[in-house]
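Structure at a glance
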Amino acid sequence: MHVRVEILPWLSQRLSAQHVGRLTLVQEVSEGATVRQVLEAIAADNRPFRELVFPAKTGRLADYIMLLLNGRLIELSGGMEAEVRPGDTLRLIPGFSGG
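All figures in this text were calculated on a predicted structure; none of them were measured in a lab.

What follows deals with the environment of Leu73. With respect to the helices, strands and loops of the structure, Leu73 is situated in strand S4 (residues 72-73). Exposure remark for Leu73: the relative accessible area of 33% places this residue in the partly exposed category. Setting aside anything within four residues of it in sequence, one finds Leu73 in contact with Met66, Leu67 and Leu68.

What follows deals with the layout of surface pockets. Over the atoms rolls a probe the size of a water molecule, and its path tells where empty space is left. Considered as a void within the structure, the largest pocket measures approximately 200 Å³ in volume. Around the largest pocket, the lining residues are Arg60, Leu61, Ala62, Asp63, Ile65, Met66, Leu67, Leu73, Ile74, Glu75, Gly79 and Met80. At three residues, the largest contribution of residues to the lining of the largest pocket is made by strand S3 (residues 65-69). The residue inventory of the lining of the largest pocket, partitioned by class, reads eight nonpolar, one polar and three charged.

All chains considered together, the criterion is met by five salt bridges. Where Arg91 meets Glu6, a salt bridge forms, and the shortest distance between an N and an O atom there is 2.7 Å. Of this pair, Arg91 sits in strand S5 (residues 89-94) while Glu6 sits in strand S1 (residues 2-7); the two residues are 85 residues apart in sequence, bridging distant segments of the chain. The exposure class assigned to Arg91 is partly exposed, which follows from its relative accessible area of 23%. The buried category is assigned to Glu6, whose relative accessible area is 2%. Within this structure, Arg4, Glu6, Arg22 and Arg91 form a network of salt bridges that share partners.

Calculation rules
- Residues numbered from 1 in each chain as written.
- Predicted model: local features only at pLDDT ≥ 70, side-chain atom pairs only at ≥ 80, totals over all residues.
- Heavy atoms only, no water.
- Helix = DSSP H or I, 4+ residues; strand = E, 2+ residues; numbered from the N terminus.
- Buried < 20%, exposed > 50% of the residue type's maximum accessible area, 1.4 Å probe, protein only.
- Contact = heavy atoms within 4.5 Å.
- 1 Å grid on protein atoms, 1.4 Å probe; cavity = no way out; pocket = protein on both sides within 12 Å on 5 of 7 lines; lining within 4 Å.
- Points joined across faces, edges and corners; volume = space filled by probe spheres on them.
- Nonpolar A, V, L, I, M, F, W, Y, C, P; charged D, E, K, R; others polar.
- Salt bridge = Lys/Arg side-chain N within 4 Å of Asp/Glu carboxyl O.

None of the figures reported here should be taken as evidence of function without further support.
Put into structure tokens, the structure is as follows:
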């Protein structure tokens, strides 16, 4: 099955200096795969992605990334162990703050 992973600007630029705008990846995963497994599968073949998403090698998502599963914050969707389904979209967006 396929899961779509969208990486929004600023994060996408950190993966490739030539890339401007949204970067979309399509990842083949097995039935029953989790959000963590999708990201780890991409990270296994893509060192810049691995360093961007899991910078401390702790298996935890980087603090400066917000992760959405089908438009909903991952924390509200079951966390990194949430099961993905065919056609799901994971979206990595830069964290933001302000006051």
